[in-house]
Amino acid sequence: MRENAREAILLAAREAAMAYGYGGINFRDLAETVGIKAASINYYFASKALLGEAVARRYWEDIARDLEGISAEAQNPRDALHRYPAIFRASLARDNRMCLSSFMAAEYDVLPDPVKKEVQGFADVNVKWLSEVLVAAGTVKPEESEARAQAIYSAVAGAQLYARGRADISLFDTMIDNYRAVGLLPA
């Protein structure tokens, strides 16, 4: 039961953070969602900072697995790059949610240091994967891969932010198509 409650808290906190950011992680609301007393959350996470850190870490770990899955399922590295924006689109498709790490990055100044580290970890995982796949696809030289990966990650996250602010997922799709048309993303 303990592990199930911990996982339920993490899931509820993740959903809250994807909708409202770090500020949306509220023990009372989470307890109501999970069906436990608010004080019980402290058994698993002694503070909001520890919960935020665990949620952000789990988020980038999950995304790392998703990226590995894209690599494994793709026909080739170019196909993997083509599939990459789908990770961000999936959040929008779920009630206009936003990438947890993008939301928390916007709150950077108020985040506890351990949460900041995990939020940065999300970007690092994306940029590392993109760098490797860009080189494998022959899109860029190794010495150019990190800068290009940062540009792609930032552009795709920005497209998500723009589309979310208008509650219109078709805007995300249009922006991704345009990134491909101008060559930022391989077609």
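Higher on the page you've got the structure.
Bear in mind the structure is a predicted one, so any value in this text is a computation, not a measurement. (Residues numbered from 1 in each chain as written. Predicted model: local features only at pLDDT ≥ 70, side-chain atom pairs only at ≥ 80, totals over all residues. Heavy atoms only, no water.)

Visitor: Give me the overall build of the protein chain: which residues, what numbers.
Guide: When helices and strands are tallied, the protein chain shows 10 helices and zero strands. Beginning at the N terminus, the succession of helices and strands in the protein chain can be written as α-α-α-α-α-α-α-α-α-α. Against the compact-globule benchmark of 16 Å for 187 residues, the protein chain has a radius of gyration of 18 Å, which places it among compact chains. With the C-alpha coordinates of the protein chain rotated into their principal frame, the extents come out at 55 × 30 × 30 Å. In the protein chain, the share of contacts with a sequence separation of at least 24, taken over all contacts with a separation of at least 6, comes to 66%. Computed over 22 positive and 25 negative side-chain charges, the separation of the two mean positions in the protein chain equals 3 Å. (Helix = DSSP H or I, 4+ residues; strand = E, 2+ residues; numbered from the N terminus. Rg over C-alpha atoms; globule rule 2.2 N^0.38 Å. Contact = heavy atoms within 4.5 Å. Lys, Arg positive; Asp, Glu negative; His and termini not counted. Charge placed at Lys NZ, Arg CZ, Asp CG, Glu CD.)

Visitor: Got a sec to walk through the packing of aromatic side chains? Specific residues and values, please.
Guide: By the definition in use, this model includes seven aromatic pairs. The ring centre of Tyr22 lies 4.6 Å from the NZ or CZ of Lys48, which sits over that ring. One cation-aromatic arrangement involves Arg166 over Tyr162; the distance from NZ or CZ to the ring centre is 3.8 Å. (Phe/Tyr/Trp six-rings, centres within 6.5 Å; stacked < 30°, edge-to-face > 60°. Lys NZ or Arg CZ within 6 Å of the ring centre and 35° of its normal.)

Visitor: Could you give me a rundown of the nonpolar core, with the residues and numbers involved?
Guide: Ranked by size, the top nonpolar core spans 57 residues in total, and within it Leu51, Tyr84, Phe88 and Met104 carry the most contacts. The contacts of Met104, once residues within four sequence positions are left out, are Ala17, Tyr22, Ile25, Ala56, Leu111, Val115 and Val119. (Core = buried A, V, L, I, M, F, W, Y, C linked by side-chain atoms within 4.5 Å. Buried < 20%, exposed > 50% of the residue type's maximum accessible area, 1.4 Å probe, protein only.)

Visitor: Which residues make up helix α10 (residues 169–182), and what values do they have?
Guide: When the terminal C-alpha atoms of α10 are compared, their 20 Å separation across 14 residues agrees well with the 20 Å that a helix rising 1.5 Å per residue should span. Taken as a whole, α10 has its buried residues at Phe172, Ile176, Tyr179 and Arg180. Buried residues of α10, viewed axially, fall in a sector of 100°; they line one side. Residues of α10 that are exposed and point over 90 degrees away from its buried face: Ala181 and Val182. Where the residues of α10 are buried, they touch α5 (77–83), α6 (85–93) and α9 (142–165). Once α10 ends, the next one or two residues include Gly183, with phi positive near 95°. (Expected span 1.5 Å × (residues − 1). Arc of directions from axis to C-beta.)

Visitor: Give me the environment of Gly35: which residues, what numbers.
Guide: Inspection of the secondary structure assignment puts Gly35 in the loop between α2 (27–34) and α3 (38–44). In this structure, the C-alpha to C-alpha distance between Gly35 and Val182, residues 147 residues apart in sequence, is 49 Å.

Visitor: Outline α6, listing residues and values.
Guide: All of the buried residues in α6 are Pro85, Ile87, Phe88, Ser91 and Leu92. The buried residues of α6 occupy one face: seen down the axis, they fall within an arc of 165°. Backbone geometry just after α6 places Asp95 at a positive phi near 60°.

Visitor: Any chance you could break down the environment of Gly69 for me, citing the residues and the numbers?
Guide: Within the fold, Gly69 resides in helix α4 (residues 48–73). Through-space distance from the C-alpha of Gly69 to that of Arg14 is 21 Å; in sequence the pair is 55 residues apart.

Visitor: Describe the packing of α6 against α10, and please don't skip the residues or the numbers.
Guide: Running from amino to carboxyl end, α6 crosses α10 at an angle of 165°, the nearest separation of the two axes being 10 Å. Taken together, the axes of α6 and α10 lie roughly antiparallel to each other. Here the hand of the crossing between α6 and α10 comes out right-handed. Here α6 contributes Pro85, Phe88, Arg89, Leu92 and Ala93 to the contact with α10, which in turn contributes Ile169, Phe172, Asp173, Ile176 and Arg180. Taken together, the residues that form the contact of α6 with α10 break down as seven nonpolar, no polar and three charged. (Axes fitted to C-alpha atoms, helices over the stretch in contact; angles between N-to-C directions. Parallel < 35°, antiparallel > 145°, perpendicular 65-115°, else oblique. Left-handed = near helix turned anticlockwise from the far one by under 90°. Nonpolar A, V, L, I, M, F, W, Y, C, P; charged D, E, K, R; others polar.)

Visitor: Before we move on, could you go through the pattern of salt bridges and cite the residues and values that matter?
Guide: This model, assessed by the stated rule, comprises 11 salt bridges. The salt bridge partner of Glu118 is Arg57, with a shortest N-O separation of 3.5 Å. Of this pair, Glu118 sits in helix α8 (residues 113–136) while Arg57 sits in helix α4, and the two are 61 residues apart along the sequence. Classification of Arg57 as partly exposed rests on a relative accessible area of 29%. For Arg83, the salt bridge goes to Asp79, with nearest N and O atoms at 3.1 Å. One end of the pair is Arg83 and the other is Asp79, both in helix α5 and four residues apart, which spans about a single turn. (Salt bridge = Lys/Arg side-chain N within 4 Å of Asp/Glu carboxyl O.)

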